[in-house]
Amino acid sequence: MSKYVLGINWYSHDAASALLRDGEIIFAGTEERFSRIKKDNSFPRKSIQAALDYAGIGASELEAVAFGWNGPLATPWHTLKASLRDELPRKGDFIPRSLAGMLSEYWEKGGKRSLMKFFPGVTSNVSFIDHHLAHAYSAYSLSGFDDGIVIVADGRGAFQATSIYHGQGGKLRLVRWIPYPNSIGLLYESFTDLLGFERHNDEWKVMGLAAYGEPNVPMDDFITITEYDYQVHTHALMGRYWSDLTPMTRRFGARRNPEKEITDEDRNIAASVQKATEEAMFAVLRDALRRIPGSKNLCLAGGVAMNSKANGKLMASGLVDKVFIQPAATDDGTAVGAALAAYHKLVGQMPRYEMKKAYLGPEYTQEQIEQALNTFKIPFHRSENVTRTAAQLVADGNIVGWFQGRMEFGPRALGNRSILADARDPEMKNKVNDSIKFRENWRPFAPSVLVEKFGEYFDPVAPSPFMILTHTVRPEKRNVIPAITHADNSARIQTVERSVNPRYWELISEFEKITGVAVVMNTSFNLRGEPIVCEPKDAVRTFFSSGLDFLVMGDCLVAKDPGRLAEIASREAAVKEAEAVVR
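The numbering scheme is per chain: residues are counted from 1 as the chain's sequence reads. Given that the model is predicted, a residue must reach a pLDDT of at least 70 before its local features are reported, and side-chain atom pairs must reach 80 or more before they are shown or counted; all residues, however, enter totals for whole chains, interfaces and linings. Water and hydrogen atoms were dropped before computing side-chain values, which therefore reflect all heavy atoms in the structure.

## A closer look at the layout of surface pockets
Using the following cut-off: A cavity, in this analysis, means grid points on a 1 Å lattice covering only the protein atoms where a 1.4 Å probe fits yet has no way out; a pocket is instead an open set bounded by protein on both sides within 12 Å along at least five of seven lines, and a residue lines either one if it has an atom within 4 Å of a point. Grid points are joined across faces, edges and corners, and a volume is the space filled by probe spheres set on the points. Secondary structure is summarised from DSSP: a helix means a run of H or I of at least four residues, a strand means a run of E of at least two, and numbering begins at the N terminus for each.
Its boundaries defined by the atoms lining it, the second largest pocket holds a volume of some 620 Å³. Secondary structure elements with two or more residues in the lining of the second largest pocket: β12 (322-324) and β20 (494-496).

Rendered as structure tokens:
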């Protein structure tokens, strides 16, 4: 009989669940996709129910349940101690908030109370996995490496800020941990806040903005970096509480409003904190290499591991041979790590395999898609060769919503819940930003490229299936694919393999046959401030609320101008007839 283990992340952000069957992830999803509340941090009951429904089991059939955070009291207790030691402001709100946090966590039992409220059928053992250990499991167990360095860096765990593990032979050994609040993540999120963006959500905006600035703002007051270590100066980042920017505003002026203006100073601040983050991560890696000699594979996890620019530089440095970062490297991924750790404890052996797919969410049949369109009385055309037709639409300059197969896990759209456009058009970035994403026009868009043609367009030649590494666009290709070439000539790429996502691979292949270019622009299928679409009705609403030209769900095509459907059907018939003559 199969063994099912449920992992849960529910602490401060990115609520999520993951379900294992016999040690393999069969479902994973963040709560926001189901609740439609961006960055939803409520108990992930909808995500859990979706996981159980996918497996066709009830809560009583779970062998184990694990949370990807330490048990109740651990986190506020460490915060209280740090404040009393003056590592955090002693005169601020940390002490009363820590005491309140202890009461809240004691009452909630770390999440057990909500679990039993929503899923009273759970009879299995419920455990708590150290937060950084859950991150480490989520990376090493799925890397395919037998031997590797694992670096976890985020805002904080219960008591850690950065941890180094050695993964070898199916075991994880803690080598070093750096206590919170000495946190690279805290540094980056504080500057994210100063620049007018949202912590735990908009850090990649700072990363994108950094390409337009010069790293000439001294960071010495905020972080000291040596060859093998770093020290974040917490008192320079926060006042009475972690979100109090008073010390920073004394230095840089008021918190910015990027909706009104972004100045050269703001761009330079972004570039400077990005450079400091990269240097701090290099210091941690060098320390790991001297502590774990001979290990040349690197796994990264935690919120800082979502910094694709830093990841790309680590990969290109020559210090390591291979880098693995699973697609949900931030806290949603600890649901996966907790489940893997709990399964390890249950059977005595760590699950280990190379994760190649992030398509772990719900899927909708062709019948369900057509039923949704008919319910809304939306005209559609069912295509016999939807990849070729969609590729032609993109090549013709249309912006296409692409809804296929199982939803991706993690913050990136990887070809199943994507908006696609022509990377050759230098104006396409502004078109998509202005008419669909309604976001800052300086933010870059990512490319999807056939893995076979990857080396023709990008350096270094190191595939990146999860869009979590930044590569350099080759000089001779920068004018060929300008829509995805960022200001610093970089791109956060997704390599697409036929065996992993055949339909998306076929679309890009058809696009190459039409245009000679094996790259398309790929951005997430959502509007600004909303989660990526999950089910057909989400896609329909987003389509009609934006400047998308076409929506492709399964084999169905929807157009803003329904008259174009007949035109498409006629074109398909002509192509089919021509092919028949050739045969």
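Picking up after the structure, the text goes on.
## Describing the nonpolar core
Threshold: Within this scheme, the nonpolar core is defined by two criteria: the residues are buried Ala, Val, Leu, Ile, Met, Phe, Trp, Tyr or Cys, and they are joined through side-chain atoms within 4.5 Å. The classification of residues rests on relative accessible area computed with a 1.4 Å probe and restricted to protein chains. Under 20% of the type maximum is buried, over 50% is exposed, and intermediate values are partly exposed. Whether two residues are in contact is decided by their heavy atoms: any pair within 4.5 Å suffices.
Counting 65 residues, the largest nonpolar core has Phe191, Phe222, Tyr230, Leu298 and Leu300 as the members making the most contacts within it. The leading source of residues in this core is helix α10 (residues 264-291), at twelve residues. Beyond its immediate stretch of four places on either side in the chain, Phe191 contacts Met219, Phe222, Leu237, Met248, Phe252, Ile269 and Val273. Of all hydrophobic cores here, the second largest spans 59 residues; its members include Val386, Ala395, Val473 and Leu557.

## A few points about unusual backbone geometry
Going from Tyr180 to Pro181, the amide bond is cis rather than trans, its omega being 15°. Phi is positive for His200, close to 60°, though the residue is something other than glycine. Structurally, His200 is set in the loop between α7 (184-194) and α8 (203-210). Of note, the phi angle at Met467 is positive, near 55°, even though the residue is not glycine. Examined against the element boundaries, Met467 turns out to sit in the loop between β17 (458-459) and β18 (470-473).

## Quick notes on the pairing of strand β14 (residues 400-403)
What counts here: Here a strand pair is declared whenever DSSP counts at least two bridges between the two strands.
Burial of β14 is two-sided: the residues Val400 and Trp402 facing one way and the residues Gly401 and Phe403 facing the other way are all buried. As judged from the four bridges shared by β14 and strand β15 (residues 417-421), these two strands associate in the antiparallel manner. Paired with Trp402 across the two strands is Ser418, which belongs to β15. Taken together, the four bridges between β14 and strand β22 (residues 550-553) define a ladder with parallel strand orientation. Considered in β22, the bridge of Val400 is made with Phe550.

## Structural notes on the sheet that holds strand β19 (residues 490-492)
Threshold: Every angle, taken between N-to-C directions, lies between 0 and 180 degrees, and every axis is a line fitted to C-alpha atoms, over only the stretch in contact when it is a helix.
One open sheet holds the three strands; their spatial order is β17-β18-β19, and the pairing between them is antiparallel. Edge positions in the open sheet fall to β17 and β19, since each of these has one partner strand only. Seen against the sheet, helix α11 (residues 308-316) touches β18 and β19 and runs at an angle of roughly 75° to β18.

## Observations regarding the packing of aromatic side chains
What counts is decided by this rule: The rule is short: rings of Phe, Tyr and Trp, with Trp giving its six-membered ring, pair when the centres are within 6.5 Å, and they are stacked under 30 degrees, edge-to-face over 60, tilted in between. Note on geometry: a ring has a charge over it if NZ (lysine) or CZ (arginine) is within 6 Å of the ring centre and within 35 degrees of the ring normal.
This model, assessed by the stated rule, comprises 16 aromatic pairs. Centre to centre, the rings of Phe191 and Phe222 are 5.2 Å apart; their planes meet at 80°, and the pair counts as edge-to-face. Taken together, the positions of Phe191 in helix α7 and Phe222 in the loop between α8 and β9 (223-225) put the pair 31 residues apart, joining distant regions of the chain. For Phe222, a relative accessible area of 2% corresponds to the buried category. Joined through ring pairs, the aromatic side chains of Trp10, Phe43 and Phe118 make up one cluster. Its end group placed over the ring of Trp204, Arg412 keeps NZ or CZ at 5.0 Å from the ring centre.

## Thoughts on the packing of helix α6 (residues 131-140) against helix α12 (residues 333-347)
Quick note on the threshold: Each angle receives one of four descriptions, namely roughly parallel if under 35 degrees, roughly antiparallel if over 145, roughly perpendicular if within 65 to 115, and oblique otherwise. Note on residue categories: nonpolar means Ala, Val, Leu, Ile, Met, Phe, Trp, Tyr, Cys or Pro, charged means Asp, Glu, Lys or Arg, and polar means any other residue, Gly included.
Across the interface, α6 lies against α12 with an axial gap of 7 Å and an inter-helix angle of 90°. With respect to each other, α6 and α12 are oriented roughly perpendicular. Side by side, α6 and α12 meet where His131, Ala134, His135, Tyr137 and Ser138 of the first sit next to Gly333, Thr334, Gly337, Ala338, Leu340, Ala341 and His344 of the second. Considered class by class, the residues forming the contact of α6 with α12 number five nonpolar, seven polar and no charged.

## Looking at the environment of Leu340
Mapped onto the elements of the fold, Leu340 is located in helix α12. Residues Leu340 and Ser138, 202 residues apart in the sequence, show an inter-C-alpha distance of 7.3 Å.

## Let's talk about the pattern of salt bridges
The condition is simple: Should a side-chain nitrogen of Lys or Arg be within 4 Å of a carboxyl oxygen of Asp or Glu, the pair is scored as a salt bridge.
Across all of its chains, the model carries 33 salt bridges by this definition. With a shortest N-O distance of 3.8 Å, Glu32 and Arg33 are connected by a salt bridge. Since its relative accessible area comes to 3%, Arg33 is described here as buried. In this structure, Arg528 and Glu259 form a salt bridge, with 2.4 Å as the shortest nitrogen-oxygen distance. Within this pair, whereas Arg528 is found in the loop between β21 (519-524) and α18 (536-544), its partner Glu259 is found in the loop between α9 (246-252) and α10, the two being separated by 269 residues in sequence. If you follow the salt bridges from partner to partner, you end up with Arg176, Asp229, Asp287, Arg290 and Arg291 in one network.

## Things to note about a positive patch on the surface
Filter applied, for reference: Think of a patch as exposed residues, more than 30% relative accessible area, with no salt bridge, where like charges cluster within 9 Å and nonpolar side chains (Val, Leu, Ile, Met, Phe, Trp, Tyr) cluster within 5 Å. Only the protein chains shown count as cover for residues, with accessible areas throughout obtained via the Shrake-Rupley method and a probe of 1.4 Å. Positive residues here are Lys and Arg, negative ones are Asp and Glu, while His and the chain termini are left out of the count. Where a charge lies is defined by one atom per residue type: Lys uses NZ, Arg uses CZ, Asp uses CG and Glu uses CD.
On the surface, Arg45, Lys46, Lys117 and Lys537 cluster together into a positively charged patch. Position of Lys537 relative to the elements: it lies in helix α18. On the basis of relative accessible area, Lys537 is assigned to the partly exposed category, the value being 46%.

## As for the sheet that holds β12
Spatial strand order, β8-β7-β6-β11-β12: five strands in an open sheet with mixed pairing. Single-partner strands in this sheet number two, and they are β8 (171-179) and β12. Neighbour-to-neighbour, the strand axes of the sheet open up by a mean angle of 20°, direction not taken into account. Here strand β11 (residues 297-301) runs beside β12; their pairing, made up of three bridges, is parallel. Residue Cys299 lies in a different strand from β12, and its bridge partner there is Phe324.

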